[in-house]
Amino acid sequence: MTTLTQRTTVIAGLGIGVLALHVADDSFLQPQPGTSATDHLAGGLVPLALIAAAAFAYPRVRAGIRGVLALFFGLLALIMGVAEAGYYTLKVGPSGDDYTGLLAIAAGLVLVGLGAWTLWESRRLDDGRIWRYVRRALIAAAGLVVAAEVMFPVALGYGTTHILRPVVPVANLGVAHEDVTFRTSDGLDLSGWYVPSRNGAAVIVFPGRQGPQKPARFLARHGYGVLLFDRRGEGESDGDGNLFGWGGDKDILAAVEFLKHRADVDPTRIAGMGLSVGAELMLQTASESAGLAAVVSEGAGTRWFAEEMEEFHVTDKWLGIPLLAVKAASVAVFSSTAPPPKLTDLVPRIHEPVFFIYAPDGGVESMNPTYYRLAQGPKSIWAIPHVEHMGGFDAHPKEYERRVTAFLDRSLAEK
């Protein structure tokens, strides 16, 4: 091994070592409140095993492979550093594992630079000019495919399991509310706001405390108790986030139990209103428990590979399969969570009233007619044309309020 190769190997080892430090820090040394190192075994051990294998192989392979390894792990370090540490540093300032995440950004830049330099220096010059440029074009095309089908879904999987809104928005509910906290079955404390009920019924509007404020205002005007709360990993709530909602049904079940013990709420008159991923989780929760007497589902889509394969047209699948499969695997690894059951298997178990709202032009809501067909109880559906995903209320606020409150009035009427 030449002196130059030894030096670049040391640089690569240092960069990969910083990445390993951040993974260990994030997963095991400074886990999120309410979680422990054992909750992150897959999210920590799988990346660490890959990093260890790369560090072992790096000095033993030819220069071209070393360049590829440096580029891959450099991009991975940038994904992990920018997606989490960069985001939270800009939003609320660095804390906890953000410091090693910021170091990972620097390590990533070094590794990417080293990888590009190594590939350039090791390029072949002993063949014909035409074939040389053809080969380079093919390598560049393969690199773009790998970036699109591997690096992009890995970044998506990491980002959606490590980035949620870190601050609580300003309350604009139009009425007085209480600050509340309740605990999930897996030991997480969730924080939120509750508007007491004036008619004996209550509605959980999910997820979070930002978007749900719009329906919360008109529900409160109609006398309903309204519960908004930070989902796990968001705002003031414990736990690890997951923007695809894997495992989030536990949050809704805990909210139902909280409302059942409120003196102002009839425990048989609790409904859920889910928005986007919240709609998917409301449908899942309603299939698992009789605690929800009715569900308003707006903008439900699909959450992972098995569901997405049902959503896509056959001609589209061959292009999307690698990307969607890598995304699903990344979410599972980085969240240390198994994928949820398919909604097409869950919705037939729902016998309570469901009101499906969707935008046919919204791009991610095409499965709603299927969910409507599969639901077994009283059901209704409203297709809102010419609006984007979750754009129904803004486009038709009066009709939206009238339809939702009429559905809830019927479904939650006193027996």
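Keep in mind the model is a prediction, meaning the values are calculated, not measured.

Quick word on unusual backbone geometry
Negative phi values dominate among residues other than glycine, just as trans dominates among peptide bonds. With an omega of 15 degrees, the peptide bond running from Phe206 to Pro207 counts as cis. Looking at the secondary structure, you find Pro207 in the loop between strand S3 (202-206) and helix H6 (213-221). With phi around 60 degrees, Ser276 is a residue other than glycine that occupies positive phi space. Looking at where Ser276 falls in the secondary structure, it is placed in the loop between strand S5 (270-275) and helix H8 (277-288). Of note in the backbone geometry, Met390 takes a positive phi value of approximately 65 degrees without being a glycine. With respect to the element layout, Met390 can be found in the loop between strand S8 (379-383) and helix H13 (392-395).

Description of the nonpolar core
Ile204, Leu227, Leu283 and Leu292 are the most contacted members of the largest nonpolar core, which totals 36 residues. Examining the composition of this core, we find that six residues originate from one element, helix H7 (residues 249-260), more than from any other. Val205, Ala220, Ala294 and Val387 belong to the second largest nonpolar core, which has 31 residues in total.

With respect to the pairing of strand S2 (residues 189-195)
With six of seven residues buried, S2 is to be regarded as a mostly interior element. As paired elements, strand S1 (residues 178-183) and S2 share six bridges and run antiparallel to each other. Across the sheet, residue Val180 finds its bridge partner in S2, namely Gly192. Sheet topology places S2 next to strand S4 (residues 225-229); four bridges connect them, and they run antiparallel.

Looking at the sheet that holds S1
In spatial order, the strands read S1-S2-S4-S3-S5-S6-S7-S8; together these eight strands make up an open sheet with mixed pairing. Two strands lie at the open edges of the sheet, namely S1 and S8, each paired on one side alone. Going from strand to strand, the sheet's axes swing by 20 degrees on average, the running direction of each strand aside. Sheet analysis places strand S6 (residues 294-298) next to strand S7 (residues 354-358), joined by four bridges and oriented parallel. For Val296, the partnering residue across the bridge sits in S7 and is Phe355. Strands S1, S2, S3, S4 and S5 of the sheet are contacted by H7, whose axis makes an angle of about 155 degrees with S3. Helix H14 (residues 397-411) contacts S3, S5, S6, S7 and S8 of the sheet and is inclined by roughly 155 degrees relative to S6.

Some details on the packing of aromatic side chains
Two aromatic rings, taken as a pair, are described by how far apart their centres are and by the angle between their planes. Taken as a whole and assessed by the stated rule, the structure comprises 13 aromatic pairs. Geometrically, the ring pair formed by Phe72 and Phe73 is edge-to-face, given 5.1 Å between the ring centres and 80 degrees between the ring planes. For Phe72, a relative accessible area of 31% corresponds to the partly exposed category. Arranged with centres 5.4 Å apart and planes meeting at 90 degrees, the rings of Phe393 and Tyr400 form a pair that is edge-to-face. Note on Tyr400: relative accessible area 1%, which makes it buried. The cationic tip of Arg60 hangs over the ring face of Phe56; the distance from NZ or CZ to the ring centre is 3.9 Å. In this structure, Lys379 packs its charged tip against the face of Tyr372, placed 5.0 Å from the ring centre.

Let's talk about the environment of Ala37
Relative to the helices and strands, Ala37 resides in the loop between helix H1 (3-29) and helix H2 (41-57). Each residue touching Ala37, except ones within four places of it in the same chain, is listed here: Ser27, Phe28 and Pro31.

Thresholds, definitions, all that
- Residues numbered from 1 in each chain as written.
- Predicted model: local features only at pLDDT ≥ 70, side-chain atom pairs only at ≥ 80, totals over all residues.
- Heavy atoms only, no water.
- Helix = DSSP H or I, 4+ residues; strand = E, 2+ residues; numbered from the N terminus.
- Core = buried A, V, L, I, M, F, W, Y, C linked by side-chain atoms within 4.5 Å.
- Buried < 20%, exposed > 50% of the residue type's maximum accessible area, 1.4 Å probe, protein only.
- Pairing = 2+ DSSP bridges.
- Axes fitted to C-alpha atoms, helices over the stretch in contact; angles between N-to-C directions.
- Contact = heavy atoms within 4.5 Å.
- Phe/Tyr/Trp six-rings, centres within 6.5 Å; stacked < 30°, edge-to-face > 60°.
- Lys NZ or Arg CZ within 6 Å of the ring centre and 35° of its normal.

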